[in-house]
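# A look at the structure
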Amino acid sequence: MKHSRGSNLFQACLIMFMIILCIVMLYPFVHMLSISFSTPAEALRLGIHLYPQQVSLFAWEKVLGNQDIWMGFGNTVFRTVVGTVCSILFMSFGAYPLSRKYLPHRNVYTMLIVFTMFFSGGMIPSYFLIKSLGLLDSRLVYIIPGLISTFSMLILRNFFQNIPDELEDSAKIDGANDLRILFQLVLPLSMPVIATLSLWSAVGHWNAWFDAVLYIQDPSKQVLQTFLRRVVITGENLSMFAADVKGSELGYQEPIKAATLMFTALPIIIVYPFLQKYFVKGTMVGSLKG
């Protein structure tokens with residue numbers, strides 16, 4: 001199949017645009033990774049940083065040797081894993097009955113759920129609600145308040161609606177109840193959208209920090225993002241890294257900030273490519289039916 005000159009020119013411009021876009025998006029990570037392995041003099045050098053000309057592992061040694069950052073890492077992993085699993089489970093419990101045509105007043109329930117997407121009580125009422133539930137200074141505050149995302153549950157419901165009713169009817173003829181149909185039939189057929197929503201939820205939990213600032217006072221229950229905020233923005237925790245170093249080594253603030261940032265971002269970046277292939281299929285199929 002031959003393409004016209006205009007079509008070939010358009011394809012070339014499109015490829016060039018995508019290459020430039022990839023470079024623009026990738027360079028900040030390369031820059032920070034280079035700074036994290038650099039000496040203070042190299043880190044303060046103006047210009048493009050693609051690789052460290054003077055390699056130093058000092059910043060990474062200080063970051064990986066800090067107990068507080070590992071404590072925050074553990075809390076973040078707990079929040080991400082438990083929060084994502086519970087979120088997918090409870091959203092499935094809500095999306096499955098809403099996807100069944102025989103549910104009485106299904107449209108009314110759906111409208112009431114959609115209503116929560118546009119209105120909320122606000123920060124202060126939410127704080128008093130969390131306090132009255134006894135969730136202050138508890139790791140459960142990371143999981144329970146955001147257990148269900150209305151938008152994600154509606155996508156999951158739409159995906160469930162695309163599963164043929166005949167499959168459910170045949171399962172019921174074989175004696176399967178609703179829970180067995182959900183876990184052994186519906187969810188296995190919905191892995192593309194489950195993987196997509198799981199990644200959305202995991203990234204949201206991994207990057208969250210504001211709820212930890214509002215509801216958590218115990219330093220042992222703080223998440224990694226709160227620690228990163230204190231290092232990069234306020235510089236409060238830099239003294240923890242520099243407390244045991246000599247005066248000549250106090251110039252490692254920028255490499256330490258870069259190493260902390262990369263330590264925080266790398267885990268979710270590593271997980272992303274394994275689930276990225278489900279994005280288009282999961283979101284497109286889940287958005288076809290209303």
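The structure this text deals with has already been given above.
Here is a short report on the structure shown in this document.

Each value, and the rule that gives it
- Residues numbered from 1 in each chain as written.
- Predicted model: local features only at pLDDT ≥ 70, side-chain atom pairs only at ≥ 80, totals over all residues.
- Heavy atoms only, no water.
- Helix = DSSP H or I, 4+ residues; strand = E, 2+ residues; numbered from the N terminus.
- Polar contact = N/O pair within 3.5 Å; in protein donor to acceptor, adjacent residues only side chain to side chain.
- Phe/Tyr/Trp six-rings, centres within 6.5 Å; stacked < 30°, edge-to-face > 60°.
- Buried < 20%, exposed > 50% of the residue type's maximum accessible area, 1.4 Å probe, protein only.
- Patch = residues over 30% accessible without salt bridge, like charges linked within 9 Å, V, L, I, M, F, W, Y side chains within 5 Å.
- Areas by Shrake-Rupley, 256 points an atom, 1.4 Å probe, with all protein chains shown as cover.
- Salt bridge = Lys/Arg side-chain N within 4 Å of Asp/Glu carboxyl O.
- Axes fitted to C-alpha atoms, helices over the stretch in contact; angles between N-to-C directions.
- Parallel < 35°, antiparallel > 145°, perpendicular 65-115°, else oblique.
- Contact = heavy atoms within 4.5 Å.
- Nonpolar A, V, L, I, M, F, W, Y, C, P; charged D, E, K, R; others polar.
- Core = buried A, V, L, I, M, F, W, Y, C linked by side-chain atoms within 4.5 Å.
- 1 Å grid on protein atoms, 1.4 Å probe; cavity = no way out; pocket = protein on both sides within 12 Å on 5 of 7 lines; lining within 4 Å.
- Points joined across faces, edges and corners; volume = space filled by probe spheres on them.

### Examining the environment of Asp218
Along the chain, the position of Asp218 falls in the loop between helix H11 (210–215) and helix H12 (224–234). Between the C-alpha atom of Asp218 and that of Asp137, which follows or precedes it by 81 residues, the distance is 6.4 Å. For Asp218, the side chain forms a polar contact with the side chain of Ser220, separated by 2.9 Å.

### Focus on the packing of aromatic side chains
Tallying each qualifying case throughout the model produces 13 aromatic pairs. Ring centres of Trp70 and Phe73 lie 5.6 Å apart, and the angle between their planes is 80°; this geometry places the pair in the edge-to-face category. Residue Trp70 and its partner Phe73 are located together in helix H4 (residues 67–99), separated by three residues, close to a single helical turn. Seen in terms of ring centroids, Tyr127 and Tyr215 are 6.0 Å apart; in terms of plane orientation they differ by 25°. Their pairing is stacked. With a gap of 88 residues between them, Tyr127 in helix H6 (residues 123–132) and Tyr215 in helix H11 connect regions that are remote in the sequence. Residue class for Tyr127 comes out partly exposed when judged on its relative accessible area of 32%. Clustering of aromatic rings is evident, with ring pairs tying together Trp70, Phe73, Trp206 and Phe263.

### Some words on a nonpolar patch on the surface
Taken together, the side chains of Met123, Ile124, Tyr127, Phe128, Trp209, Phe210 and Val213 define a hydrophobic patch exposed on the protein surface, amounting to about 680 Å² of accessible area. Where the nonpolar patch is concerned, the elements lending two or more residues are H6 and H11. With four residues, H6 is the largest single contributor of residues to the nonpolar patch. For Phe210, the location among the structural elements is in helix H11. For Phe210, a relative accessible area of 38% puts it in the partly exposed group.

### So, the packing of H4 against helix H5 (residues 106–115)
Any two packed helices are characterised by how steeply their axes cross, that is the angle between the axes, and by the distance between the axes. Closest axis-to-axis distance for the H4/H5 pair is 9 Å, and the angle between their directions is 140°. Regarding the angle of H4 to H5, the classification is oblique. Contacts from Pro97, Leu98 and Ser99 of H4 reach H5 at Arg106, Tyr109, Thr110 and Ile113. A breakdown of the residues in the contact of H4 with H5 according to their chemical character gives four nonpolar, two polar and one charged.

### Looking at the nonpolar core
With 20 residues, the main nonpolar core has Leu156, Phe160, Val186 and Val193 as its most contacted residues. For this core, the secondary structure elements donating two or more residues are H4, helix H7 (150–161), helix H9 (178–189) and helix H10 (191–207). In contact with Val186, other than residues within four places in its own chain, are Tyr96, Phe160, Ile163 and Ile181. Grouped together as the second largest cluster of nonpolar side chains are 15 residues, Trp206, Phe227, Val231 and Ile256 included.

### As for the layout of surface pockets
The probe, sized like a water molecule, is rolled over the atoms to show the empty space still left. Of the volumes computed, that of the largest pocket is approximately 580 Å³. Lining the largest pocket are 22 residues, and of these Pro145, Gly146, Ile148, Ser149 and Thr150 sit closest to its centre. For the lining of the largest pocket, the elements supplying multiple residues, two or more each, are H4, H7 and H10. For the lining of the largest pocket, the element with the most residues is H10, which contributes five residues. Residue composition of the lining of the largest pocket, grouped by class: nine nonpolar, 11 polar and two charged. Roughly 510 Å³ of internal volume is contained in the second largest pocket. Lining the second largest pocket are 18 residues, with Phe29, Ala265, Ile268, Ile269 and Tyr272 sitting closest to its centre. Those elements giving two or more residues to the lining of the second largest pocket turn out to be helix H1 (5–36), H10, H12 and helix H14 (253–276). Tallied by class, the residues present in the lining of the second largest pocket amount to 15 nonpolar, three polar and no charged.

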